[in-house]
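Below, each chain spelled out in residue letters.
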Amino acid sequence: MPVAGCDVRIVVADNDVLPTAMNLVEKFSANSNLSITYLHSPSSNISIARNACLDHSSAEFLAFIDDDETASPNWLAELLQTMRKTDADVVLGPVQAIYSEEAPTWITEQDLHSTFPVISNGVIKTGYTCNVMMNMTSNLIAERRFNLDRGRTGGEDTEFFAAVFAEGGNIAYSPKAWVSEKVPEARAQFSWLVKRKIRVGKTHGILLAENVGLPGLLLTIPSVTAKIVFCLALVALNSFSRPKRNKNLLRGMLHIGSFLGILGFREQASYGASQLSTL
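Definitions and cut-offs
Residues numbered from 1 in each chain as written. Predicted model: local features only at pLDDT ≥ 70, side-chain atom pairs only at ≥ 80, totals over all residues. Heavy atoms only, no water. Helix = DSSP H or I, 4+ residues; strand = E, 2+ residues; numbered from the N terminus. Rg over C-alpha atoms; globule rule 2.2 N^0.38 Å. Buried < 20%, exposed > 50% of the residue type's maximum accessible area, 1.4 Å probe, protein only. Core = buried A, V, L, I, M, F, W, Y, C linked by side-chain atoms within 4.5 Å. Contact = heavy atoms within 4.5 Å. Pairing = 2+ DSSP bridges. Axes fitted to C-alpha atoms, helices over the stretch in contact; angles between N-to-C directions.

K.L.:
Go over the overall build of the protein, please, and point to the residues and values.
P.N.:
Of the regular secondary structure elements, the protein holds eight helices and eleven strands. Here the C-alpha radius of gyration of the protein, 20 Å, is about what a compact globule of 279 residues would show, namely 19 Å. Its C-alpha atoms put the protein at 60 × 45 × 40 Å along the principal axes. Classification of the 279 residues of the protein by burial places 41% in the buried group.

Rendered as structure tokens:
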């Protein structure tokens, strides 16, 4: 994916217990004209892998993509164009979910696995690492690292970019910087979506509790409670429509997760769980 006027370097952080991707990366590197660095970051902690990329980057701009994603031909160029146009600290791109033929219709019709930034009143207050470019010359980015405590639970990227925004950073969106991601059968299930919504909600609630203080929480808790009740009411009203019922139930799970996070309930480990169980 050449980008006019830029030198492109690839850093691969392998978070597996064993360096399983090393031979593949070395083989690709031998047949590529790109500079490729392989890093083995074996702690089943995604924050360690992300921080390794930050530590080994000497570029002006650093883009993240997940190992199960495929970049569109103009992915980097679109991110960079938006970065230069907006002078942002962070630029996010969309992730298009690719579903199998066996995926439930109610999931595919609502496209519940694609990822887009949450834009509120024209402002993006946090982000994600599955499709992002960061300005490494920004003083809000250069020395910042992902929280190791969230490296097994998820939410480390939400916390990272929320902190950038809270300190005055600008997060922009590049709608043409597409990457795609195949949705495994195990994830195209209602139970997986429920767990994910609760986890995302907990992260939001925990960060909220840390930042707004007791007076803010006293105002927030009734609001979150009202959202839960409203969603459950919509579930009841749409009990005969599976798509609408499940959509509102998942929204309710998000707010329930937020409520639990506000009360101090932590996220459960989701990265490296299988490896950890065998140690």
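We are not done yet, so read on.
K.L.:
Give me the lowdown on the nonpolar core, citing residues and values where you can.
P.N.:
Leu54, Phe64, Val90, Met134 and Phe160 are the most contacted members of the largest nonpolar core, which totals 33 residues. Those elements that place two or more of their residues in this core are helix H2 (46-55), strand E3 (61-65), helix H3 (75-86), strand E5 (90-92), strand E9 (131-135), helix H5 (156-166) and strand E10 (171-173). A per-element tally of this core places H3 first, with five residues. Aside from chain neighbours lying at most four places away, what touches Phe64 is Arg50, Cys53, Leu54, Trp75, Thr129, Cys130, Asn131, Val132, Met134 and Phe146. Of all hydrophobic cores here, the second largest spans eleven residues; its members include Tyr99, Trp106, Val183 and Met253.

K.L.:
A description of the sheet that holds strand E6 (residues 95-98) should follow, citing residues and the corresponding values.
P.N.:
The three strands are arranged E4-E11-E6 in an open sheet whose pairing can be described as mixed. Every other strand in the sheet has two partners, leaving strand E4 (69-71) and E6 as the edge strands with one partner each. Across the sheet, the axes of successive neighbouring strands diverge by a mean angle of 30°, strand direction being ignored. Here E6 runs beside strand E11 (residues 179-182); their pairing, made up of four bridges, is parallel. Residue pairing for E11: Ala97 is matched across the bridge by Glu181.

K.L.:
Tell me about unusual backbone geometry, and name the residues and values.
P.N.:
Of note, the phi angle at Asp87 is positive, near 55°, even though the residue is not glycine. A relative accessible area of 62% means that Asp87 is categorised as exposed. Look at Asn121: it is not a glycine, yet its phi comes out positive at around 55°. Following the sequence through the fold, Asn121 ends up in the loop between strand E7 (119-120) and strand E8 (123-124). Taking relative accessible area as the criterion, Asn121 reaches 78% and is therefore assigned exposed.

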